[in-house]
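# Structural overview for review
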Amino acid sequence: MTLTAVNSTKNSESMQNQELFVYNTKNLNLWYGDHHALKNINLGIKEKDVTAIIGPSGCGKSTYIKTLNRMIDLVPGVKTNGTIEYRERDIFSKNFLVEELRTRVGMVFQKPNPFPKSIYENIAFGLKIHGIKNKQIINETVEKSLRGAALWDEVKDRLHEPAYGLSGGQQQRLCIARCLALEPDVILMDEPTSALDPVSTLKVEELIQELKEKYSIIIVTHNMQQAARISDKTAFFLNGEVVEFDATDTIFNSPADSRTDDYISGRFG
Amino acid sequence: MENTTRVKSEEMIGRIDGRLMKNKVIKGIFLTATAFTSIILIVLLYRIISQGAPYLSWDFFQNFASRRPEQAGIKAAVIGTLWMMSVVIPTAAILGVGTAIYLEEYAKKNALTRWIQMNISNLAGVPSVVFGLLGLTIFVRVFGFGNSVLAAGFTMALLVLPVVIVASQEAIRAVPNELKEASFGLGATKWQTIYRVVLPYAIPGIATGSILAFSRAIGETAPLIVVGIPTFVAFLPSGYLDSFTALPMQIYNWTSRPQVDFHNLAAAGIIILLGVLILMNSVAVWIRNRYQAR
């Protein structure tokens, strides 16, 4: 395998032997103080896949997704060992600035969290912190991002009104648009629909289907039907361990591990 | 057997009258407390206004201190207070908000931080005379500012600093974590998050708390006496190292004169002081409403 092949474009099909991972987690352990929250995680997450992470409360799925863009750093007293490679670069390395990582990897949170600013300013925020001041570029990006998040038609006439005036589902799509403005490579979603009603949930799910054309998506979800509907691959977490990671069809139809079977058939969790 | 332990709804309904009675009594106690406070306030205001209002005239604002009550005015004190506040507000705001940001956003939550935190809270309760003594030692003597605007302004800034810090910390702590996460999640640095997310959200709280603290600096007398601010002043300061007098000093001086006319002048001075305080509190309310409108 030559270097040029490794660096070749995303759509290259010359990579039959070496799978192209956006994220490769190797022997990751994480502790909150004395609590061993993630145990020896090994996961290779493929580009342009929708990867769902499922598991009961407290299984470490949220912790894991927050580690992927190092939001976990904000929690005091967290220790990790092992590595997570993002496109073959160790995210814990000193040479990989956390600001760069979070620019390349967007995140959508459990509760919609737009800034108390206008819809327009919410999208422009990301550009402004990265030093983009050109009005025209910002205007175009705002429109493009809102279109990308299937929100443009609903808000185009009130871009300068407060984002808090939007419904919960619209706010969450605004948060997705805010991510898209930075042209991320990966989008992490931490239970993005858990605070939404069924109709808004459906819209976000449809949006995820569209987004997977361009982005790699990793989604933590409580809702197993959701994982089955939208994901290509599913990882089942239990007590801080990955019990099973496979194609979503396999996980839901013929899981290899009996615990996975118990969980998806609703016997616990 | 179970019937003996089961609660009886008839019995409970029978108690409703007693509970409602208690409800009424409690409400009455709170109402009395409020009425008591209001009445005292009204009496106080009535006395001061009826005593001082006749003395409020254009001349009162225009004249300096005088031995003759009919010629005495409050000009030096009003202007002096403004000079002093022009030192107090920026000094206390910059130091106070800076400290609050550091403690809330940067400092590790360890024993040292908690110790500093506890001392700041305690400082808020230290008598103002003690701050006067500190100001006398450091600003008047060591730095050689004399009994100037700068010495008094710095002393008052120190006096209100703990309140500004605590109020700002509370405002900063009230910023929802989700908003900070949103900012960090987009690759913002800590300073960008503070500047663009934390401060805009916290400013109404910071401003309200700080302005109430600044009002205290306008009304305090003790530190000014200790720092050696004169009371009989017939000139305006032309620089920060000049001597001056302030509103509470002037009022204090007039009340300690034997002549009744001077007591009435003091009442007029108090009306002015109250006016300034109301003005500042209005600014606090205005800032809060303005920022919350978004």
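Residues numbered from 1 in each chain as written. Chains lettered and ligands numbered in written order. Predicted model: local features only at pLDDT ≥ 70, side-chain atom pairs only at ≥ 80, totals over all residues. Heavy atoms only, no water.

## Let's talk about the overall build of chain B
Counting secondary structure elements, chain B contains 13 helices and zero strands. When its helices and strands are written in sequence order, chain B yields α-α-α-α-α-α-α-α-α-α-α-α-α. With the C-alpha coordinates aligned to their principal axes, the bounding extent of chain B is approximately 90 × 55 × 35 Å. Restricting to contacts in chain B with at least 6 residues of sequence separation, those with at least 24 account for 76%. Approximately 16400 Å² of chain B is accessible, and the part contributed by carbon and sulfur atoms is 67%. (Helix = DSSP H or I, 4+ residues; strand = E, 2+ residues; numbered from the N terminus. Contact = heavy atoms within 4.5 Å. Areas by Shrake-Rupley, 256 points an atom, 1.4 Å probe, with all protein chains shown as cover.)

## Describing the packing of aromatic side chains
Taken as a whole and judged by the stated rule, the model has 16 aromatic pairs over all chains. Members of the aromatic cluster, joined through ring pairs, are Trp58(B), Phe60(B), Phe61(B) and Trp254(B). Just above the ring of Phe96(A) sits the side chain of Arg89(A); from NZ or CZ to the centre is 3.9 Å. Above the face of the Tyr106(B) ring, Lys190(B) is positioned so that its terminal group lies 5.3 Å from the ring centre. (Phe/Tyr/Trp six-rings, centres within 6.5 Å; stacked < 30°, edge-to-face > 60°. Lys NZ or Arg CZ within 6 Å of the ring centre and 35° of its normal.)

## Some points on the nonpolar core
The biggest cluster of nonpolar side chains holds 52 residues, and the ones touching the most others in it are Leu146(A), Ile176(A), Met189(A), Leu211(A) and Ile217(A). Looking at this core, the element that brings in the most residues is helix α4 (residues 119-129) of chain A, giving seven residues. The next biggest cluster of nonpolar side chains, apart from the first, holds 47 residues, and it includes Val88(B), Phe131(B), Ala151(B) and Ala266(B). (Core = buried A, V, L, I, M, F, W, Y, C linked by side-chain atoms within 4.5 Å. Buried < 20%, exposed > 50% of the residue type's maximum accessible area, 1.4 Å probe, protein only.)

## Section: the sheet that holds strand β9 (residues 233-238) of chain A
Residue and element names in this part refer to chain A. Here six strands make up an open sheet; going across it, the order is β6-β7-β8-β3-β9-β10 and the pairing mixed. With one partner strand each, in any of the chains shown, β6 (105-108) and β10 (241-247) form the two edges of the open sheet. Direction aside, neighbouring strands of the sheet carry axes that sit 15 degrees apart on average. Bridge count between strand β7 (residues 186-190) and strand β8 (residues 216-220): five bridges; the pairing is parallel. Counterpart to Met-189 in the pairing with β8 is Ile-219. Packed onto the sheet, helix α2 (residues 61-68) meets β3 (50-54), β6, β7, β8 and β9 and runs at close to 150 degrees relative to β7. (Pairing = 2+ DSSP bridges. Axes fitted to C-alpha atoms, helices over the stretch in contact; angles between N-to-C directions.)

## Quick word on the interface of chain B and chain A
With 15 residues of chain B in contact, the opposing surface of chain A contributes 22 residues. Buried surface at the junction of chain B and chain A, both sides included, amounts to about 1700 Å², of which 67% is carbon and sulfur. In terms of surface lost to chain A, no three residues of chain B exceed Glu181(B), Leu186(B) and Arg196(B), which account for 35% of the buried area on that side. Seen at the junction of chain B and chain A, the total is one salt bridge. With its nearest N and O atoms 3.7 Å apart, the salt bridge here joins Glu178(B) to Lys111(A). Across the contact surface, chain B and chain A share three residue pairs in polar contact (both at pLDDT 80 or more). Broken down by secondary-structure element, the contributors of at least two residues to the side of chain B that touches chain A are α9 (177-185) and α10 (190-219) of chain B. At seven residues, α9(B) tops the list of elements feeding residues into the side of chain B that touches chain A. Residues of the side of chain B that touches chain A, tallied by class, amount to seven nonpolar, five polar and three charged. (Buried area = accessible area lost by both parts, 1.4 Å probe. Salt bridge = Lys/Arg side-chain N within 4 Å of Asp/Glu carboxyl O. Polar contact = N/O pair within 3.5 Å; in protein donor to acceptor, adjacent residues only side chain to side chain. Nonpolar A, V, L, I, M, F, W, Y, C, P; charged D, E, K, R; others polar.)

## Section: the environment of Ile132(A)
All names here are of chain A. Looking at where Ile-132 falls in the secondary structure, it is placed in the loop between α4 and α5 (135-148). Assessed through its relative accessible area of 29%, Ile-132 is described here as partly exposed. Taking the C-alpha atoms as reference points, Ile-132 and Ala-149, 17 residues apart in sequence, are found 21 Å from one another. Contacts of Ile-132, omitting those with residues within four sequence positions, involve Leu-127, Ile-137 and Ile-138.

## Here we look at the confidence of the model for chain A
Mean pLDDT over chain A stands at 91; residues scoring 70 or higher make up 93%. Every residue in residues 1-17 of chain A scores below 50 in pLDDT, and together they form 12 contacts with partners more than four places removed in sequence or on other chains. (pLDDT = per-residue confidence, 0-100.)

## Observations regarding the domain arrangement of chain B
All names here are of chain B. Segmentation of chain B into domains returns domain 1 (2-55) and domain 2 (59-292). Taking only C-alpha atoms, the centre of domain 1 and the centre of domain 2 are 36 Å apart. Across the boundary between the two partners, domain 1 contributes seven residues, which contact 10 residues of domain 2. Of the roughly 690 Å² buried at the junction of domain 1 and domain 2 (both faces included), carbon and sulfur atoms supply 72%. Contact with domain 2 buries surface across domain 1, with Ile-48, Gln-51 and Tyr-55 losing the most and accounting together for 78% of the total. Linking domain 1 with domain 2 are zero salt bridges, by the criterion used here. Where domain 1 touches domain 2, the interface holds three residue pairs in polar contact (both at pLDDT 80 or more). Here the side of domain 1 that touches domain 2 is built from residues that sort into five nonpolar, two polar and no charged. (Domains from an automatic or database assignment.)

## A few points about the pairing of β3(A)
Residue and element names in this part refer to chain A. With respect to burial, β3 is a largely interior element, five of its five residues being buried. What you see with β3 is no split at all: Val-50, Ala-52 and Ile-54 on one side and Thr-51 and Ile-53 on the other are buried throughout. Direction of pairing for β3 relative to β8: parallel, over a ladder of four bridges. Counted as the bridge partner of Ile-53 is Val-220 from β8. Alignment of β3 against β9, held across four bridges, turns out to be parallel.

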